[in-house]
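# Structural characterization, general
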Amino acid sequence: MKITETNLKGVFLIEPEVFGDSRGWFMESWTKEKFEAVGLKVDFVQDNHSYSAKKGTLRGLHYQLNPYAQTKLVRCTRGILLDVAVDIRKDSPQFANRTAVILSAENKKQLFIPRGFAHGFITLSDDVEIQYKTDNYYAPDCDGNILWNDPDIGIDWQIEPTVLSDKDKNAPTLKERIERKELNFVFEPKTFKDFVKEGA
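## Here's the deal with the sheet that holds strand β11 (residues 117-123)
Spatial strand order, β9-β8-β11-β6-β13: five strands in an open sheet with antiparallel pairing. Taken across any chain shown, the strands that pair with only one partner, and hence form the sheet edges, are β9 (98-104) and β13 (143-145). If you compare each strand with its neighbour and ignore which way they point, the axes differ by 25 degrees on average. Bridge analysis of strand β8 (residues 80-87) against β11 gives seven bridges, and the strand direction is antiparallel. The residue of β11 that forms the bridge with valine 86 is alanine 118.

Shown next, in the form of structure tokens:
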């Protein structure tokens, strides 16, 4: 299993080792022991699975506030999508910065997104399934979102979205969330300082 930090500190690209033969293939999508060996210590408690029928379906940018903030391990198990994470932690040196990764059933890559980051994706094909683990349960009262095309974030979604929920279409910008004091994520340098052990 290969674990590489993205351009966004604290967000990691996970590339599982895939074993194939005449029957097909096998891989470990998540192994607690292997993740902890490189410093990613997370107790996942919930698995989520969603299906999007049409290319151009955009979901995001979503997050859950403290005390129900979520770390996510995201993978695409059907089709192809662009997965995005945005740092929304107050006082973070990379505040409002983002990373975007192509996830597909074919490449089997995964994205590890810590607490304090907004998450979204757009489908780049029809018939897309996304599955992700979380380390906190869904809490409707802590659910929040940020406008997908917020100019202060400037995400290149690669294609124009054609399917969005009304909630995502009308989401506030990051600036509006801040002005209303609706975000409670705080940057803690030690959170990521030891994510990957030296020499691992």
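Next, the rest of the story.
## Re the sheet that holds strand β12 (residues 128-134)
With antiparallel pairing, six strands are arranged side by side in an open sheet as β1-β2-β10-β7-β12-β5. Each end of this open sheet is capped by a strand with a single partner; those strands are β1 (2-5) and β5 (46-52). Taking the axes of each pair of neighbouring strands and ignoring which way they run, one obtains an average angle of 25 degrees across the sheet. With three bridges connecting them, strand β2 (residues 12-15) and strand β10 (residues 110-113) associate as antiparallel partners. What sits directly across from leucine 13, in β10, is leucine 111.

## Notes on the environment of tyrosine 138
Positionally, tyrosine 138 belongs in the loop between β12 and β13. Take tyrosine 138: its relative accessible area is 48%, and that puts it in the partly exposed class. Note: C-alpha distance between tyrosine 138 and valine 74 (64 residues apart in sequence) is 16 Å. Excluding its chain neighbours within four sequence positions, the residues that come into contact with tyrosine 138 are Gln46, Gln64, Gln70 and Asp143.

## A look at the environment of isoleucine 146
Mapped onto the secondary structure, isoleucine 146 falls in the loop between β13 and α2 (166-169). Linking isoleucine 146 and threonine 123, residues 23 residues apart in sequence, is a C-alpha distance of 18 Å. Non-local contacts of isoleucine 146, meaning those with residues more than four positions away in its chain, are made with Gly60, Leu61, Tyr63, Ile88, Ala118, Ile153, Ala171, Pro172, Thr173, Leu174 and Arg177.

## Re unusual backbone geometry
Glycine aside, the phi torsion of most residues is negative, and most peptide linkages are trans. Put simply, glycine 60 and leucine 61 share a cis peptide bond, and its omega is 0 degrees. Counting through the fold element by element, leucine 61 comes out in strand β6 (residues 58-64). Each neighbour pair has its own omega, and for asparagine 66 with proline 67 the value is 10 degrees, a cis peptide bond. Along the polypeptide, proline 67 turns up in the loop between β6 and β7 (72-78). Positive phi, normally seen in glycine, also occurs at aspartate 91, with a value near 70 degrees. Located in the positive-phi region is glutamine 158, a residue other than glycine, with phi close to 75 degrees.

## Thoughts on the nonpolar core
Ranked by size, the top nonpolar core spans 25 residues in total, and within it Leu61, Val86, Ile88, Ile146 and Trp157 carry the most contacts. Of all the secondary structure elements, the ones that give two or more residues to this core are β6, β8 and β11. With near-sequence residues (within four places) excluded, tryptophan 157 lies in contact with Leu58, Leu61, Leu82, Val84, Gly120, Phe121, Ile122, Leu124 and Trp148. If you look at the next biggest cluster of nonpolar residues, it comprises 15 residues, including Cys76, Leu81, Val101 and Ile113.

## Describing the pattern of salt bridges
Throughout the structure, instances matching the rule amount to ten salt bridges. For aspartate 21, the salt bridge goes to arginine 23, with nearest N and O atoms at 2.6 Å. For the salt bridge of arginine 78 with glutamate 129, the shortest nitrogen-to-oxygen distance reads 3.3 Å. In this pair, arginine 78 sits in strand β7 while glutamate 129 sits in strand β12, placing the two residues 51 residues apart along the sequence.

## Description of the packing of aromatic side chains
Working definition: an aromatic ring pair is given by the centre-to-centre distance plus the angle between the planes. If you walk through the whole model with that rule in mind, you get three aromatic pairs. When the centroid spacing of 6.4 Å and the interplanar angle of 65 degrees are considered together, the rings of phenylalanine 12 and phenylalanine 112 count as edge-to-face. Here the residue phenylalanine 12 occupies a position in strand β2, and phenylalanine 112 occupies one in strand β10, the gap between them amounting to 100 residues. Assessed through its relative accessible area of 1%, phenylalanine 12 is described here as buried. For phenylalanine 112, a relative accessible area of 1% puts it in the buried group. Judged by centre distance (5.9 Å) and plane angle (85 degrees), the rings of tyrosine 63 and phenylalanine 185 are edge-to-face. Pair noted here: tyrosine 63 is in strand β6 and phenylalanine 185 is in the loop between α3 (174-179) and α4 (189-193), with a separation of 122 residues, a long-range link. When the ring centre of tryptophan 25 is taken as reference, the NZ or CZ atom of lysine 108 above it lies at 4.1 Å.

Cut-offs applied
- Residues numbered from 1 in each chain as written.
- Predicted model: local features only at pLDDT ≥ 70, side-chain atom pairs only at ≥ 80, totals over all residues.
- Heavy atoms only, no water.
- Pairing = 2+ DSSP bridges.
- Helix = DSSP H or I, 4+ residues; strand = E, 2+ residues; numbered from the N terminus.
- Axes fitted to C-alpha atoms, helices over the stretch in contact; angles between N-to-C directions.
- Buried < 20%, exposed > 50% of the residue type's maximum accessible area, 1.4 Å probe, protein only.
- Contact = heavy atoms within 4.5 Å.
- Core = buried A, V, L, I, M, F, W, Y, C linked by side-chain atoms within 4.5 Å.
- Salt bridge = Lys/Arg side-chain N within 4 Å of Asp/Glu carboxyl O.
- Phe/Tyr/Trp six-rings, centres within 6.5 Å; stacked < 30°, edge-to-face > 60°.
- Lys NZ or Arg CZ within 6 Å of the ring centre and 35° of its normal.

As far as function goes, none of this settles anything; it's purely spatial.
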